[in-house]
Structure formats: C-alpha cells, structure tokens
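# Structure at a glance
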Amino acid sequence: KKNNNAMTEDNDTSIISALDFVRSGRLTNTQSYCNANMMHQSPKLSALLKCPTADRQTQKQKQQHRQTMENAARVALCLTLSFVEFCSQYSRNLHGKGHKDDGDNNYVGACPPLPLIELRDFSIHAKKRDITSTSEKNGDCNLPAGDFSSSNGKDDQVIWNDKLHLEEANIIASQLIKSSTKALQKRKLEQWTILRISTSLPLGAAGTKSRSTPDVPKEDQLIQNIHDLTPIRVLENLPSTVHRNLQNLSPMQTLGKLLYIVFSQGQQPPLSFFLTSQTSEELVDISSQETEVVSVDDNNDDFDLRSPKSHRLSRTTVFTSLVETKRFPVSVCRLLASMMMGKDDTSNAASDNMHHFASFKDVIQDLEHMIGKPQAFLHDEDIHQPCNYFHGKMTKPVFGENCFGRKEEMRELVGISTNMQKDEQFERHLEAVFVSGVAGAGKSRLVHSFEASLSNDSVWIVIKAKFERGMEYASRGTLSQMFDGIISYLVKLKESGGESNMIFIQRASNGILDALGGIRGVSALVDFLPSLPSLFGGLFNIRTASGNKSAQTAGCMNELLINSLTKILKVILESGRFILIVADDLQWADELSISLIGELLNNVAGSGQMSHHCMFIVLYREEEVRDDHPLSIQLSYLQMSRDVSTTEIKLGSLSRNDVADMIMTQLRLSRHLVIDLAVAVHKKTSGHALFVVELLNSLLRDSIITYSTQELRYVWDWDRIDVLQTADGVAGLILSNFSSFPPASQQALQVLSTFGTQTDSNLLQILENYQDGFNSSLDFLIEKGILDSAGGICIFSHDLIQQEIYQSMPLPRRQQLHLELGKLLGNIYQYGSSYDKTGVLFAGSNMISSIISLACDQINSAGPKSIRHSDKREACKFAKWNLDAGSEHSQQSNFRASLHYYSKGIAFLGDNDCVSAKKVDLCLDLFEGAALSSYALGDAERAIKYADKITEKVVPEKSNVSGAVILKSLAMLSKHEECIQKGISMLHRLGFDLPSSPTKESIIDAMASTDMMVSQYSVDQIANLREMATNDPAHSVVKIFDALYQSCLSVKSPFVPLIACCTIKYTLENGVCQESTTAFATFGQFKIFIAGDYSSAKRYADIVRAMTKRHELEVTGHFLLNIGIDPFFDTPRELSEKFLKYHHNMMAIGEAHLAVSALGNSWRCQIYGGENLSLIYQSIGDRTKMITKYSKLAGKFAILDNVLVEELIGIPSSSRSHDLNDIKDIQAEAESNKETRLLFRVHLYIIMISYWTGDFATAEELSNIGAKLNPGWPSLQLIYFTFFRGLVLFQCYSEKGGAERLQCGQETINQMEIWAENSMAIFENKLLLLKAEYAALVADPGAETMYKKSIRAARDHGLIHELGQAYELLGDFYTVHGRKTDSLRCIENAYRCYSQWGATSIAKKLLDDRDIDIQSLLITEDSIKHPREWE
C-alpha cells in the first residue's frame, strides 16, 4: 500500500509491477490459499490477489507462469539480501560487538537458530519501476542488468509482531533502522528493481509497547506484506520434538521457507520438508493415530497430514516432492531443497544427491543466475517429463553459442552505444572500438552478442564483414560486402512498405543521389555497391550509365570510394539512424583497404554534427599485429584525431568463474554443483575460450557428461575426467573431435574448408553435385556446433576450426580436392547458361564472387604442379579462366584481385615458354593485364617487368598498351629522360616522324601545319567526331602520346609541342578520346607561348570544352585550360570557382591527384584575388597533409602558399606549421631534380615575400633568375611574376638607379598592355600602377593621375590588396613631393585595405616604417569593414 509521504503514484505502480507474482491475472490457484482474516484487514492486497483460475497447459498460461517465476526470483533475491543483513546483525549482537563475519555472508555456522520468523515480518519497498527481464535487455550475453544501490533509510517501514523475544528484537530492530542495506550496496546492479526489506519491532509481553519502540504505523502508511499462512493450531498439535525442531530452524532453512512462499505465491511449505528422518517418523506415527484430520484447508494437499500422505512423504525426498508438484522449475526445486533440508539430514541429501549450501552466497548466486538467464533456469516446464529429453522435445546443450565471461567488456560496449543516443550528455565524436585478443579468445562472439542487443532497436543499422587469412587480394570484395549492407538495408525497408519507411527511403535515396552528384556519381559506384540499382529502381539504367574506369588507378578508386561512402554515410546519419560497422579479422586485409577504412572514418568524423551516430568496431588478433602493421598505424592515426573517440578492449583468458557460468547456464545447474567441474576444465584449458568450448562439447559427445533422468540434471563421470588427457592445444582437440565424425561429414567439412569460413546456399546446391548427401551431412555438423547456419549462409563456428580441418589434410589430398572442385565450377562457367556464368555466389570473405572467380580460387590453390606436365591444353584452359576472372575484377577497378588472377594465369603457362606463337594472344592479354593492374596499384617496377615481356617479343602494333604502361611507370619513378627516350623510339616504330633533336623552326613548322588542319574544322565538327572505344588499337597509340607527354612536361622538354601536334592530327583522323583534350589544351598554351596568339588559344580552349561536354570526358584538358589559358581571360575569383568545381568533379571519379592540384590552385587564386587571408590560412593548414599524400608536387605548392600567408598575416614563429626554411628545402630539391616549374614558383613566392617585407635587393635578384626560368610559359604565376617584377625594378631604380632596371620595368608594362586587351578586369589596375611608378621615376606630371586611376580600377574590381598597394605607393609619391597630409591620408587608407585583407603584419610594417602612431590615425573597425566609403 502506498505511503503518501514517501512514494508517488509511479512508485505505487512500480510496487504492483515488481510484485508481479501477486498481480491480478498472473496467479494460478492462489485465491484459495489466502487467509480470510488478512484479506479482510487489507482490501488492497485482497484486490491484488483476486485472479481467475485458468488452465496452465495453454501457451498463454505457460508464459504467465514463466513471468511469475522471473518476478518471484527478483523478489527472492532482495529478500535474501535483507535476510543476510538481518542474520549478520543478529549474530553480532549475540556474540558481542567484536564479532565479524568472513566477508562472504557466511552466517550459516556463525548464526544460531533464529526465533520463529514469518514472511509477514518483512515489508517490501519498491524504489524503481524497471523490472524488465534481464534476458530481454541483454540478449545472449550473461550480464547483470545493472546495479543495486541502497536508499537513505528515511522511509523504512515497521511491521509489529509479537513472536520475537522482546530483548532480542529491540536490539535487532534498533540496528536495522540505522542500517542502509549494505548488502544491496555491494550488489552493483543498477537497473534492477530495488526492494528494501526491514524486520519487525516487537510488542511488549503484556501486549504493551516497549519504551524505545516507536508508535505503531497506521495501515495506510505501510507497504502491504505478503502474510504468513502457517496455522498456529498445527504447531500446537505436534509432538514436542517436532515442535522444537520447527521452532529451531537454521537460518538457511528459515530463508528456504520464506523463499518457498515467494515462489509458490503464498503457499506454506509442507512441514515434512523441515524434519529430520527421526522427527518425520514421529510425525507419521502420530498422524496415523489421529482420528481427526489435521488440515488447514481440505483443498490443500500440502498441509494434509492424513496417514497415507504421511507415509508417502516419509518415503519421498524433498527435491522429488518439489519436482512432482510440477509447480516450480527444476532449478527452483533444487534451490529450495538444498535450503530446506536440515544440514544433518544425510538421508535426504544422499537420496537426492543434493548439496547443502555452505553459505548464503551460494543462494544469492543461484538467484542472480535465475534472473540473468531466465530461459535457462526458469523456463523449463517440459523438463518435468524426463521422456521428453529422449524423444527430441528438449534440445541437447551445445557450448559456444552464447557469450560468457565478458561482462565488463559487454558493459563497456553497451555504455558506448547508450551514450551515443544521449545527445545532450555525449561529446559528438565518432566511436571507434578496437577489440583484440588471441585467436579463439571470443572476440567475434562478444561483438555478436552486442549486435544482438541492438537488433530490436530500429534506429540501428548494422553492417559487418570478415576478412580471411591468405586472401588479401579479396579485401575489396569484403569491403563491398560490408558497405553494400547499408544499401541492402534501404532496399529491404523499401520492399517492406509502410508509410514511415517510405518517407525515410525517399529522403535517404534523394539525399544519396544529390550527395553523389546525380546519375553519374551513382553509376561510378555500381560495381562496388551492387544493390544501388534495386534502391533506385527504374529511375535510370545505372549500369549503362557507368563510365570508363580503365584509366583509374587503385588510389583513384580508393579516393572515389572514400569520398562517395562518406557522403552516403553522412546522409544516413543525418536522417536519425545510427550505424554500427564491424570489421572482423581486419589484420588480414590489404594495406589499401585498411587505409580506406581509416580515412573514411576520419572523413565521417569531421563531416558534421551527426558523426557521433556512427560506431566502428575492429576485431583483430593481437599476435598478428605489430607496431609497423598498417592496422596499428591506422589505430595511431585515429587516436590522434580530435574527432574520433577510440576505445581499446583486450580479451584475456576466461576465469574459473566464467567457465562455471558457462556450465551453469548450458546445463541449467546451480553454481555449487558445477564449480568443481569448472575448475577441472579451466585447469586443462588455461581458460582459452575456444579450448573450453571444444573440451566441454567433447565431454558431451563422449558421454562423459550425460543426462540423468533420475536426478533430472546433467551429471559427469569424475573418474573419466581425472584421467582425461587433453590435446596440447585447441587445434589438437578440434582434430580429435573431427576424427569421430562419420566419413560423409568429414568429407563435407573438408570440402567446405577449401572455400574459407563461410559459404552460401547457392554454392551448397552446386556442391551437392560433387558429393551425394552433402547438405544432409551439414545438419549433423550444425547440431555438433562445428557449423552455424544463418540467413542462407553456412559458417564455421570459428575460423580456427576451418583452419585446422583444412591444414590437417595431406597436401596431395588438398590439391586433388581443389582441382576437382575447381573443374566442377569452371565447367559450369564454361558450358553453363549465362545465369550460371554471371550469378553471384558467396564464399570465404568475398560476397560478390562470380563462379569463375571461385573456380580459379580452387584451381590456383591446387597450383600448376597439380597438372600433369604433358597436359598443355588443361594448363591453357586454367590460364584462360584466370584471364577471365582478372578481366572481371579489372572492370570493377579491383586491381589487387585482377593482378592476383593475371599472375596465376601466367604461372599456369610458365614464364620460359609463355610467349609462343600458339598462345601469343592469351599471353599478351595476361601480361598486359598484369602490367596495367601493377601500375594501377602504384607498383611501377613490377608493371615495367610485365610490360617488357610483351614489347620484347611481339610486334609493335600488339604491344602499344604495354608500351604506354612502361612509359607511365617510368614517369611514376621520375625517370623522365628514360621515358622520353623510350617513348620517341616507340613512336618511330609506329611510323611517326619526330625529329631526334627538336629545334625552334621544326616546332613552329609542326604547329603551323597542325593549325592549318584544325582550321578546316569548326568547333562543333571536332566535338562531334566519333569517340574511340577503350579497346580500339588507335586508342592505345594515343595512350603512348599521353604517357610521353607527362614526362616531357615535367622537364620542359621541346618534344611537348611536337607530341601535342601528333596527337591532334591522329585524333582528327581516328576519333576523339579523353587524352585528345590534353593535346588541344597544350597546343593552345603553345599558341600563347610561341606566337602570342591569345585569340587562337581561346579557340582551342573552346574546342576542349565542347569535346568534354559532347563526350562527357572528365580529364586533364580542363585543368590545363584553367592553369594556362583561362588566367588571361578570367578574374582570380572566377578561376577559383572553376578550380573548386573541377576539384569536386575529380573527387567524384576518384582522380585524387588532379583533385588536390585543383584545390591548391583554388586557394592560390583566392590569395591573388584578395580574399581574406585568415580564411585561406585555415583551409590550407587543415589540408596540406592530405594534398601531399596524393600529389607531392601539389603538396609543395601548398607549403609555399602556407608560408606566404603566414608571412602576410604575421603568425608567430612558434605557431607556424612551415617557415622560410621549408621554402629553401623545396628550392634545393627542385634545383637538384631540375624541376623548373617548381623552381620558378619558389622564386615567385620569395619575390612576393621580399617585396612585402621591403627586401627589394633579394626580390630583384630572384626576379632576374625567374625571368630566365620561365621566358613566358603562360600561367597565372607568370602574370603576378611580371607585375611584382615591375614593381621591384622600379623600387630598386628609385634607390640605386640604373637604366637597365628602367628598361626591364618598361618591358613589364608592355607585357601588361598586351594582356590587358584580353581582360581589363584583371590587368587594368596593375597596368596603371606600373605606369604610375614609371611616370613618377621619369618625372611625368601625369603620375598622380595614373595612381588615382589605378586606385579607382582596383576598387571597382574588388582587389582590396592591390588597392592597398596603390594607396601606399601614392602616399610615398606624396611624401617625396612634400605633401605630408595627403601622404598620411593615403597611408591610412592603405592600412585599412591591408587590415581588411587580413595582412596584419604588412599593415603594422606600413606604419612602423613611416614612424606613424596608429592612435594618430582616425581608424575605426567600421571604416575597415567598408572600404568603398573611403576617399
């Protein structure tokens, strides 16, 4: 009943929920046991106890009974904890204050027999509402549901009772009122319902209260107790020995009696349960002499002391009697029997093979396990029928199906996932968890249990994959399986229907489509995410839209995947879903895949506020990962990330208690019954999780552990266990188990082991043709726990089992098996239907495996030595199969897998006699494929090795692809001179007439003839030329041109324009391809460089844009236009936008090196265009490392930009990421490698820094060197080099004189005048400022006017930094002419401009050099923000 002072309405409801065994509708046969008097006194309890009597055999009633038992177990545990505390206080008071218990609540021996205590002597207080079953919360893992905690003791309630002796009760009660339930504090199980129990205070001997006792609480202030039903008149009619025996029950028996009442929902236990054999006989004799039946209720047989029943009780043990009632689960029967039988009652103990509890700790542990695992301990009604076990109605236990011994680890994982969903309390970080341990430590089982705990939460999307030993080449397929799980989840939601699902799917699919840039972006991912077509349905034909991937490298594909997957994950996370990504055995993945995962996590972590909705779990074997392992390196990177929260969980061996928990749960036995067996198993296995599981399963299999129908539990043969010789390790035990299986099952296991750890149902159907009864053999293996079956996939329960079974086969047997299976699958591919050839199968770690890939895996595992030396035809057939498999993976940009199959195909042909007349085409395709795949993986030396095999022994027409690979590989190795030499030689062999040593005249002649040919076509006509197919022989020739061009451009070779001319002519004759655009863009640049023809250059730029638009080519042509032609027509701001757009387009197709170069150029344009330096600095600093990773040259350019910006802003040297020493290092490296383009850029930046810092001498010296390095190659840098060179020369002339300086300065003006014809927005203010400086030096009276015009032009075009320059130079002009006021005004405006630009250091230097105090200037923050209001 509710206490209005202490409890709320929710608490009252909570009490009714917690005491579920007295809830209306949940009880059976209870109403008749209620004491009428008590019911009259407590109407609320009466209402609670009223419930209909129903048939317990119905499924509904069984479920109700199970729930009743679960709730009774919770109440029993709390009652036990309070009872232990009571016994502790009682014992200490009797023995004196100095008495202490042993710390284990072991009061059975310490505490004397208690006075008569009934259940009504305790009141039950509910403190929490949550009483959900532990099993419902935690799935399979053996976890407690939370922590117990004690209350403050203020709301303790008191029930008056006159059955305790006055003196003892006063002492006990006074102690308990002060107590805060220490026992509950020790049990840290926070989510369980807290039930506090207090003992009674006594009445005085004459019915008056003691002075020290408080007033009797009123009924409406009390929590209604569960009343005792024992009739006093029964005790009065018993003989004195029996009466004395019942009054002097041991504490354990007293508690047993109370728990019996709880589990039976109010029934009193039979008196015979508490009698020894002697007193039981006395009771039988007396009751046989009685003529009157002594019974509380004629309907209650348990209290009936009729003679026949008494004889039956004398012959029946306590445990058997409890079981026969069919009222309790067997575990409860065993618990109560062990508690209620007397400690010295050896007859009952021997008959039941029972163990008397040594302490209350055993009781508490048993009850905790009942609550934690109700399915195992409380849901076993059918076990009351022993025959059910033998007729298959009961499942024989299998160890290893559940997680044990990982409570803390599981709690940590659950805590992370719980906190992730508490936005207001959790830092917004992506969670990365690394779970490590030796093989067989239980890593996968732990995470599987964690996944199960999330399975009922619809907001979680779980994707996972497992990598396999020796299959690094299949890593990309494994990643595909993992991330395609997200798309598959969306597809399933779409198919399931429902309004909420359809709304979510619509939002998610639209978000993905927009994030990936529409049809084209989605098309690029179809091979990696094969479920995309099912998601987008008939929106468009994705596969036909798929672009050409032949030019992509593995790095490019990785970048495409990282960029695209980041966007997909972000869309899902922002929709409110949580994503769990699990990568099992990641140590077996290749370095590229590990890098992809690491970068993807970093990208997602930094992508926005919803990154904390993503959790990533890695499982790896600690003995396989050293400090230099890629996984270890990625872990270090993630730990350093400020956006990723990392957690490391290391699994050790199982403890003895863990093993005991496992045996208890699987065998449904109490702890004290299994502890000795657990100790023995732990000793033999050292706690190795898989070893423990296999040993226990072997004990079951060998009938060392058997089920006893007499004792209704599993028993074991200690004699056999003691002499049992276990294997040296888990491997030996696995093999010993394997040898006992039927031959058909052994062979089926061997067959499955050749495919890896898992196989899908489609492949299993094929294997049925290999071995009759194959699938039926699997049922036996699943029953034995060797295999698991889930979702149509057959999985080894642990990869160590698969590994040991595979390695146990002799080598000849393995080779024969692989060969037979490979031929079976290969013949289906070769002679089967089109579906058979293209159908997707699942084997090992690779979900997207065609049948030809699986066939080759088997054939390659057998190896070339498994084929007879004389059987050349079969060797060629296997080589051809590998070629097909390699081509398939190459089309999917899975280059590591394609290289694997190509190289295996070459091995079947043999290196020495590979390129022969009969098999030249097969060899050509295999070696070219291997060369291309090696180049794509960045292994240039291996690519050259494979390509040389072809170019040496076949005609040039058939070796063009290999030739292009050789040239690209040499360029990758920076062997540019060798590349040019070999490339020119290849072109000569193909009939192209190129001079050995180009001259200026030969270049001009070649360009003139090419220009004439191009002039015969309009822009549209060239754009509409046919597009070359990627396998067109003409295309392979253009690839040679393109490969040669890259090296020529790097060293400024004179062959560059000649190669561009050859490519353009070849394109006009054979058709357009993506490499053609590079040639047209380069030719346009040379029209500027050689002839100064800007209009013709613009026409070639228009041709490139028309070609790319017509054929949807995303290539380097646009990039060359942006850096070489567009700067003379577009403003820096416009160029920045173009570069940024190009960056996004290149990232979308995985061309990372072009993408980062474009990004760097975008920043550069922003610097030159006068954008805010602080914002630019933040962007550069965050991404310099990323740029360097994909392009070392672009990374060096980014460092130069960073140093320039830091100098302009004035970043303190201690806070700088780079300094002038870095520029010097780059300069030295560029001079050593003769990289003129980089060296010119270095000189330009030093010139700019020197100019701004006033070091004009250094700036002049470097400008003279720069003029020789770049005599006019068109670029954005050339424009600003010319501008600053003119300013520096004029400054030096004003200080030192020299006609040559003035003349060179005049040349910069002339060049600016030419450029200004293309765009006044870019060049007008620069030209006017240079003219003003020249005019000031030659005393031209129009100098002031020119300065003012330059100021006006800079202001009109929004060039804030050049506006500041113009004001500064005009101020110096006024100073020279003695106009101090005008000068100060100009300096003030210059200061404002530099400040708004963000060049704080330059603004400060401006005032310092002129000894001007900033306080003397009328400068406000508002005036700095609005420069157009300046005069």
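Just above, that's the structure.
What you see is a predicted model, and the numbers here were worked out from it, not measured in a lab. (Residues numbered from 1 in each chain as written. Predicted model: local features only at pLDDT ≥ 70, side-chain atom pairs only at ≥ 80, totals over all residues. Heavy atoms only, no water.)

Now for the overall build of the protein. When helices and strands are tallied, the protein shows 68 helices and 16 strands. Counting every position in the protein, which comprises 1431 residues, the buried fraction comes to 58%. Restricting to contacts in the protein with at least 6 residues of sequence separation, those with at least 24 account for 74%. When the accessible surface of the protein is totalled, it reaches about 59600 Å², and 48% of it is carbon and sulfur. (Helix = DSSP H or I, 4+ residues; strand = E, 2+ residues; numbered from the N terminus. Buried < 20%, exposed > 50% of the residue type's maximum accessible area, 1.4 Å probe, protein only. Contact = heavy atoms within 4.5 Å. Areas by Shrake-Rupley, 256 points an atom, 1.4 Å probe, with all protein chains shown as cover.)

Where two aromatic rings form a pair, the distance of their centres and the angle of their planes describe that pair. Per the counting criterion, the structure on display carries 33 aromatic pairs. Summarising the aromatic geometry, the rings of F1119 and F1139 are spaced 6.1 Å apart at their centres and angled 70° between planes, so their arrangement reads as edge-to-face. On the criterion of sequence distance, the pair formed by F1119 in helix α53 (residues 1116-1124) and F1139 in helix α54 (residues 1132-1148) is long-range, its members being 20 residues apart. Since its relative accessible area comes to 2%, F1139 is described here as buried. Ring geometry for F1128 versus W1315: centroids 5.5 Å apart, planes at 55°, classification tilted. Placement of F1128 in the loop between α53 and α54 and of W1315 in helix α62 (residues 1299-1316) is noted, with a sequence separation of 187 residues between them. According to the relative accessible area criterion, W1315 is buried, its value standing at 2%. Taken together, Y1251, W1252, F1256, F1283, F1284, Y1394 and W1397 form an aromatic cluster joined through their ring pairs. The positively charged end of R1241 is found above the aromatic ring belonging to F1197, 3.8 Å away from the centroid. (Phe/Tyr/Trp six-rings, centres within 6.5 Å; stacked < 30°, edge-to-face > 60°. Lys NZ or Arg CZ within 6 Å of the ring centre and 35° of its normal.)

Our focus in this paragraph is empty space enclosed by the protein. In this approach a probe as big as a water molecule rolls over the atoms, and the regions it shows empty are the leftover space. In this structure, the largest cavity encloses a volume near 150 Å³. As for the largest cavity, its lining consists of 18 residues, of which R476, N558, D590, L592 and N894 are closest to the centre. Among the secondary structure elements, those contributing two or more residues to the lining of the largest cavity are α21 (475-496), α26 (554-574), α27 (591-605) and α42 (895-909). Of all the elements, α26 adds the most residues to the lining of the largest cavity, at four residues. Residues of the lining of the largest cavity, tallied by class, amount to nine nonpolar, five polar and four charged. (1 Å grid on protein atoms, 1.4 Å probe; cavity = no way out; pocket = protein on both sides within 12 Å on 5 of 7 lines; lining within 4 Å. Points joined across faces, edges and corners; volume = space filled by probe spheres on them. Nonpolar A, V, L, I, M, F, W, Y, C, P; charged D, E, K, R; others polar.)

Take the sheet that holds strand β8 (residues 614-621) next. Strand order in this open sheet of five strands is β6-β7-β8-β5-β9, and the pairing throughout is parallel. The strands lining the two open edges of the sheet, one partner per strand, are β6 (460-466) and β9 (644-650). Neighbouring strand axes in the sheet, compared pairwise and without regard to direction, differ in orientation by 15° on average. In the sheet, strand β7 (residues 578-584) pairs with β8 via six bridges, with the strands oriented parallel. Within β8, the position partnered with A583 by the bridge is V618. Here helix α20 (residues 443-454) sits on the sheet in contact with β5 (430-437), β6, β7 and β8, set at roughly 160° to β8. (Pairing = 2+ DSSP bridges. Axes fitted to C-alpha atoms, helices over the stretch in contact; angles between N-to-C directions.)

A separate point is helix α65 (residues 1360-1376). Spanning 17 residues, α65 covers 25 Å between terminal C-alpha atoms, matching the ideal 24 Å at 1.5 Å per step. Burial analysis of α65 places 14 of its 17 residues in the buried class, the great majority of the element. Count one or two residues on from α65 and you reach G1378, which has phi positive near 75°. (Expected span 1.5 Å × (residues − 1).)

On to the pattern of salt bridges, then. According to the stated counting rule, one finds 34 salt bridges in the structure shown. D1011 is the salt-bridge partner of K1087, the closest N and O atoms lying 2.8 Å from each other. Of this pair, K1087 sits in helix α51 (residues 1074-1091) while D1011 sits in helix α47 (residues 1000-1015), placing them 76 residues apart in sequence. Across the pair D1408 and K1404 runs a salt bridge, and its minimum N-O distance is 2.8 Å. Taken together, the positions of D1408 and K1404, both in helix α67 (residues 1400-1409) and four residues apart, correspond to about one turn of that helix. Salt bridges sharing common partners tie together K466, D584, D585, R621 and D799. (Salt bridge = Lys/Arg side-chain N within 4 Å of Asp/Glu carboxyl O.)

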